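# Coordinates in review
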Amino acid sequence: RDARDTCLSCYFQNFTGRHAYAYSLAGLGRYYRAYERLTAHWRGVISLPVMTVVYEDVVADPASSARRLIEFCGLAWDEHCLRFHETGRDVATASYAQVRRPVYDTSIDRWRNYQKYLGPLLEALLGNNVAPGGVMSAELYNVFGAMHGTIMVFMGIVPAAFAAFGNYVVPLQI
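Here the structure is a predicted model, which means the values were calculated and not measured. (Residues numbered from 1 in each chain as written. Predicted model: local features only at pLDDT ≥ 70, side-chain atom pairs only at ≥ 80, totals over all residues. Heavy atoms only, no water.)

### Focus on helix H2 (residues 25–45)
An α-helical turn contains 3.6 residues, so a residue and the one three or four places further along point in the same direction. With 21 residues, H2 extends 31 Å between its outermost C-alpha atoms, agreeing within 8% with the 30 Å of an ideal straight helix rising 1.5 Å per residue. Within H2 the residues assigned to the buried category are Leu25, Gly27, Leu28, Gly29, Tyr32, Arg33, Tyr35 and Thr39. (Helix = DSSP H or I, 4+ residues; strand = E, 2+ residues; numbered from the N terminus. Expected span 1.5 Å × (residues − 1). Buried < 20%, exposed > 50% of the residue type's maximum accessible area, 1.4 Å probe, protein only.)

Here's what the structure looks like:
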């Protein structure tokens, strides 16, 4: 997912003190950059297959994205994967309301509605390459717009047993 949309979503979410970095736009930008460094580190040191899932691709084509993910995990396809919003199970995440509805695209480029207020976030994400007022130049937007957060799936010995850590899904060794 676009870093700006990811950070803005976190900023708007009331995490009730568990995620102090999420209460500061600059803090979110620094945290996101740390996440990117951590992602690069693990990609460089693990020998397990890694799948990158781009949020915007999932929104554009949920069926194909879901099938690729399920296949990557070595699991059998189930049509219920496309009807996740119909489940009656409890959902205990910050996105509980979104889980109850089909995939939607209104969160893509949502940051643009708040761009003039995002100076500290953009500065933290881009360093000093932000124009006055927190507005990116067209050149920087073209570079930065192509950078997205990822959901990484690391495959291991027990592919069906996973634990979620931030934007990562990693296998648990049981």
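### Side note on unusual backbone geometry
At Asp109, a position not held by glycine, the phi torsion is positive, near 60°. Structurally, Asp109 is set in the loop between helix H5 (96–99) and helix H6 (119–126).

### Considering the pattern of salt bridges
Counted according to the given criterion, the structure contains five salt bridges. Close ionic contact of Arg83 with Glu86 constitutes a salt bridge, the shortest N to O distance being 3.2 Å. Judged by relative accessible area, which is 34%, Arg83 ranks as partly exposed. For Glu86, a relative accessible area of 53% gives the class exposed. Linking Arg112 and Asp109 is a salt bridge whose minimum nitrogen-to-oxygen distance equals 3.9 Å. (Salt bridge = Lys/Arg side-chain N within 4 Å of Asp/Glu carboxyl O.)

### Details of H6
Listed as buried for H6 are Gly119, Leu121, Leu122, Leu125 and Leu126. Buried residues of H6 fall within an arc of 165° about the axis and therefore sit on the same side. (Arc of directions from axis to C-beta.)

### Observations concerning the nonpolar core
Ranked by size, the top nonpolar core spans 14 residues in total, and within it Cys7, Leu28, Tyr32, Leu118, Leu121 and Leu125 carry the most contacts. Put simply, the parts of the chain that give this core at least two residues each are helix H1 (3–12), H2 and H6. Of the residues forming this core, the biggest block, four residues, is contributed by H2. Residue contacts for Leu118: discarding those within four places in its chain leaves Leu8, Leu25 and Trp111. (Core = buried A, V, L, I, M, F, W, Y, C linked by side-chain atoms within 4.5 Å. Contact = heavy atoms within 4.5 Å.)

### Describing the packing of aromatic side chains
Here the structure, examined in full by the defined rule, presents four aromatic pairs. Measuring from ring centre to ring centre gives 6.3 Å for Tyr11 and Phe12, while their planes differ by 50°; the resulting arrangement is tilted. For Tyr11, a relative accessible area of 34% puts it in the partly exposed group. Among the residues examined, Phe12 registers a relative accessible area of 40% and is labelled partly exposed. An aromatic cluster of at least three residues, connected via ring pairs, comprises Tyr11, Phe12 and Tyr114. (Phe/Tyr/Trp six-rings, centres within 6.5 Å; stacked < 30°, edge-to-face > 60°.)

### Topic: the environment of Asp61
Here Asp61 lies in the loop between helix H3 (55–60) and helix H4 (62–72). When its relative accessible area of 33% is taken as the criterion, Asp61 is described as partly exposed. Distance from Asp61 to Val103, taken between C-alpha atoms, is 9.4 Å for residues 42 residues apart in sequence.

### Quick notes on the environment of Cys73
Mapped onto the secondary structure, Cys73 falls in the loop between H4 and H5. What makes Cys73 buried here is its relative accessible area of 8%. For Cys73 and Pro49, which are 24 residues apart along the polypeptide, the C-alpha to C-alpha distance reads 9.9 Å.

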